[in-house]
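Now for the letters of each chain:
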Amino acid sequence: MTTILDRFLKYVKIDTQSDPNTGLTPSTPNQFKFSENLVEELKAIGLSDASIDENGYVMATIPSNINAEIPVIGFIAHVDTSPDFSGRNVNPQVVEDYDGGDIVLNEEKNICLSPSEFPELNNYKGQTIITTDGTTLLGADDKAGVTEIVSAAEYLMNNPHIKHGDIRIGFTPDEEIGAGADYFDVKKFGASYAYTLDGGEIGELEYENFNAAGAKITVRGRMVHPGYAKNKMRNSIRIANQIITMLPRHETPEHTTGYEGFYHLMDFNGDVEKTEMSYIIRDFRADRFEDRKKELQHIVNKVNAEYGAGTVKLEINDQYYNMREKIEPVFQIVESAKLAMELVGVDPLVKPIRGGTDGSRLSYMGLPTPNIFAGGHNFHGRFEFVPLQSMEKAVEVILKIIDLSVQPQK
Ligand SMILES: [Zn+2]
């Protein structure tokens, strides 16, 4: 039996960084190779139907060992790491019995993981912490999740006295470039519901995320020699700026938290003749999300009334929606994850995701999929770390969720 630590260390050393610019699925060939290895590993532990499709999606079954018909549960993690930070030659450091002090990641480059900057380290005194060597990310996002699912599967296959229904396992490519759900075959997966193991610190449980839209605003101006411009020039930059200031000044990412939504100006490009702006619009509540889109349209209409129809063009595209709407009808799947955590001694930390997950898209594709912790911290950078004990607890949570599913319903 491979230990959780060994398995994790083996996975993170394989570079599976995704790339938003290749247009391929998976976006990088290394993800496919890694996923092929996972299939071999799953087969070796007894999941005989483990397979990979042409897009790099791995699926496998832990076959039911009971007679009763119970809903099929899925567990999903992603194999890629973020394009934001190098994932090549990851050289993980294992700090045993962490003493609460600074962890030197890289002596030569003077890079330190310190509780003065990352006070959450204080929660893990005495535990085993896995860090980077300061030059790459770690890839606990989401190889911790992959490790936990494979380890739970291995445990069940080695302990056939533990009763369970059919359990489905899915490993996806390209989550970090927002494409993880693109070719996920929900029907083939065949689960009634699933959990992504892609959250952060121990206890995290998430079933709410933003409703999301992108808005493109194009302002047409009119260039005239500045010396002769009176009543003739129309400066598209100034008109664009007018639109920016008409939006609520404090409803921006840097002024909001928790359940508050925002408009975020991501990109601004312009000269007198033409200015283009890209916004993203985010809100948890569907009605407020619609109101935000209407408000932007209303502002554009006003500006067009002032400068002439067609001066400003607005295009809004919905990107994803709050999974809560799809989770609520099957809310017992959240309750049982919560209960599972409590039963293995983990305090559930329920919070809204100020972003999207593959689970939010899967939920709208017919597979309700809340997200539970994989255990890591400081994703997408050199300070990423994961406590081994958090990964062990995640395995216990998976096993407990499965166990609860065969208990008679109260
Ligand atoms: Zn992730």
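The structure contained in this document is the topic of the report that follows. Note that the structure is predicted; figures quoted are calculated from it, not measured.

Conventions adopted
Residues numbered from 1 in each chain as written. Predicted model: local features only at pLDDT ≥ 70, side-chain atom pairs only at ≥ 80, totals over all residues. Heavy atoms only, no water. Helix = DSSP H or I, 4+ residues; strand = E, 2+ residues; numbered from the N terminus. Expected span 1.5 Å × (residues − 1). Donors = N, O, S within 2.8 Å, 3.2 Å for Na, K, Ca; no water. Tetrahedral: all angles 85-135°; square planar, octahedral: opposite > 155°, others 65-115°. Buried < 20%, exposed > 50% of the residue type's maximum accessible area, 1.4 Å probe, protein only. Core = buried A, V, L, I, M, F, W, Y, C linked by side-chain atoms within 4.5 Å. Contact = heavy atoms within 4.5 Å.

It is worth spelling out helix α2 (residues 29–44) at this point. End to end, α2 covers 23 Å across 16 residues, agreeing with the expected 22 Å (1.5 Å per residue, within 8%). Among the residues trailing α2, Gly46 stands out with phi positive, at a value near 110°.

Let us look at the coordination of the zinc ion. Within the protein, His78 (NE2), Asp141 (OD), Asp198 (OD) and Asp198 (OD) serve as the donor atoms for the zinc ion, at 1.9 to 2.7 Å. Here the zinc ion binds four donor atoms, and the angle range of 52 to 148° at the metal identifies the geometry as irregular. Written as a sequence motif, the donor arrangement for the zinc ion is H-x62-D-x56-D. One end of the pair, Asp141, is in helix α3 (residues 140–158); the other, Asp198, is in strand β9 (residues 193–199), with 57 residues separating them in the sequence. Exposure remark for Asp141: the relative accessible area of 7% places this residue in the buried category.

Core analysis: the largest hydrophobic core is formed by 63 residues, its most contacted members being Phe8, Phe75 and Phe171. Counting residues per element, this core draws most heavily on helix α10 (residues 388–406), which supplies 10 residues. Not counting residues within four places of it along the chain, the set of residues in contact with Phe8 comprises Ile130, Leu138, Ala140, Lys143, Ala144, Thr147, Val386 and Met391. Core analysis: the next-biggest nonpolar cluster, separate from the first, contains 19 residues, Tyr263, Val300, Val303 and Leu314 among them.

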